[in-house]
Amino acid sequence: MQRTLIASLFVLAATSALAQVTVKDPWVRATVPHQTATGAFMQLSSPADAKLVSASSPVAGVTELHEMKMEKDVMKMRPVPGIAIPAGKGAELKPGGYHVMLMNLKGQVKEGDTVPITLVVEGKDGKRETVEVKAAVRPLNAPAGGADHGGMHMKH
Ligand SMILES: [Cu+2]
């Protein structure tokens with residue numbers, strides 16, 4: 001009896017430690033009609049080492065984690081299995097770098113809309129938890145700091 005109680009307390013403690021993963025300034029790049037993919041960007045921070053392992057959103061049929069990199073003067077993007085959120089340092093998802101890729105969009109994502117995104121974060125102990133994010137949609141010409149993200153994806 002007592003052992004069960006202690007075990008469940010431990011689970012609670014582990015969960016609340018992870019719950020400190022925070023998301024700042026989440027946003028999604030607006031799309032033009034018939035565009036099939038766009039990117040979501042945000043700043044992640046955590047007091048303990050964590051990793052973003054997946055994401056999903058009702059606006060997209062498929063959601064992946066991507067990394068964008070310059071390779072021989074060409075901007076390339078590829079799926080990554082996870083994005084590390086180092087303790088205290090955090091991770092920045094931004095145009096030209098890591099991002100959440102929203103694909104197979106179910107409709108146009110318009111400026112002023114809010115896009116719900118569910119992030120799955122894994123702690124060092126392998127425990128996972130979800131973080132709900134409401135991302136604001138910003139115009140297509142929001143500062144990109146890199147290649148045109150939407151255009152790149154048409155070639156996928
Ligand atoms: Cu991408």
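Above this text is the structure in question.
Residues numbered from 1 in each chain as written. Predicted model: local features only at pLDDT ≥ 70, side-chain atom pairs only at ≥ 80, totals over all residues. Heavy atoms only, no water.

### Quick notes on the pairing of strand 8 (residues 99-105)
- Counting buried residues along strand 8, six of its seven residues qualify, which places the element largely inside the surrounding structure.
- Relative to strand 8, strand 2 (residues 38-45) runs antiparallel, the two sharing three bridges. Counted as the bridge partner of T38 is L102 from strand 8.
- Where strand 4 (residues 60-71) meets strand 8, six bridges bridge the pair, whose relative direction is antiparallel. Within strand 8, the position partnered with A60 by the bridge is L105. (Buried < 20%, exposed > 50% of the residue type's maximum accessible area, 1.4 Å probe, protein only. Helix = DSSP H or I, 4+ residues; strand = E, 2+ residues; numbered from the N terminus. Pairing = 2+ DSSP bridges.)

### Overview of the environment of V109
- Tracing the sequence through the fold places V109 in the loop between strand 8 and strand 9 (114-123).
- You can call V109 buried: its relative accessible area is 4%.
- Expressed as a C-alpha distance, the spacing of V109 and P139, which sit 30 residues apart in the sequence, is 9.7 Å.
- Non-local contacts of V109, meaning those with residues more than four positions away in its chain, are made with V28, R29, A30, T31, V115 and V137. (Contact = heavy atoms within 4.5 Å.)

### Some details on the nonpolar core
- If you look at the biggest cluster of nonpolar residues, it comprises 28 residues, and the most contacted ones within it are V28, L52, V100, L102, I117 and L119.
- Counting residues in each nonpolar core, the second largest holds six residues, with A37, M75, M77 and M103 among its members. (Core = buried A, V, L, I, M, F, W, Y, C linked by side-chain atoms within 4.5 Å.)

### Regarding the pairing of strand 9
- Of all ten residues in strand 9, seven are buried, a share of seventy percent or more.
- Of the pairings in the sheet, the one linking strand 3 (residues 50-56) to strand 9 comprises six bridges and is antiparallel in character. In the sheet register, S56 faces strand 9, and the bridge partner there is T118.
- Taken together, the nine bridges between strand 9 and strand 10 (residues 128-138) define a ladder with antiparallel strand orientation. By the bridge assignment, I117 is partnered in strand 10 with V133.
- Counted between consecutive antiparallel strands, the loop separating strand 9 from strand 10 contains four residues, among which G126 sits at a positive phi close to 85 degrees.

### What to know about the packing of aromatic side chains
- Considering all chains together, one arrives at one aromatic pair under this definition.
- On the basis of an interplanar angle of 40 degrees and a centroid distance of 4.7 Å, the ring pair of W27 and F41 is categorised as tilted. Placement of W27 in strand 1 (residues 22-29) and of F41 in strand 2 is noted, with a sequence separation of 14 residues between them.
- Taking the relative accessible area as the measure of exposure, W27 reaches 8% and is therefore buried.
- Using a relative accessible area of 1% as the deciding quantity, one classes F41 as buried. (Phe/Tyr/Trp six-rings, centres within 6.5 Å; stacked < 30°, edge-to-face > 60°.)

### Describing the environment of K89
- Examined against the element boundaries, K89 turns out to sit in the loop between strand 6 (83-85) and strand 7 (91-93).
- Separated by 45 residues in sequence, K89 and L44 have C-alpha atoms that sit 9.0 Å apart.

### Regarding the pattern of salt bridges
- Evaluation of the coordinates by the stated rule reveals six salt bridges.
- E67 is the salt-bridge partner of K69, the closest N and O atoms lying 3.9 Å from each other.
- Under the relative-accessibility criterion, K69 is labelled partly exposed at 42%.
- Note on E67: relative accessible area 10%, which makes it buried.
- Among the salt bridges present, the one from E67 reaches R78, with a minimum N-O distance of 2.7 Å. Pair noted here: E67 is in strand 4 and R78 is in strand 5 (residues 74-79), with a separation of eleven residues, a long-range link.
- Classification of R78 by relative accessible area gives partly exposed; the value is 44%.
- The network of salt bridges with shared partners includes E67, K69 and R78. (Salt bridge = Lys/Arg side-chain N within 4 Å of Asp/Glu carboxyl O.)

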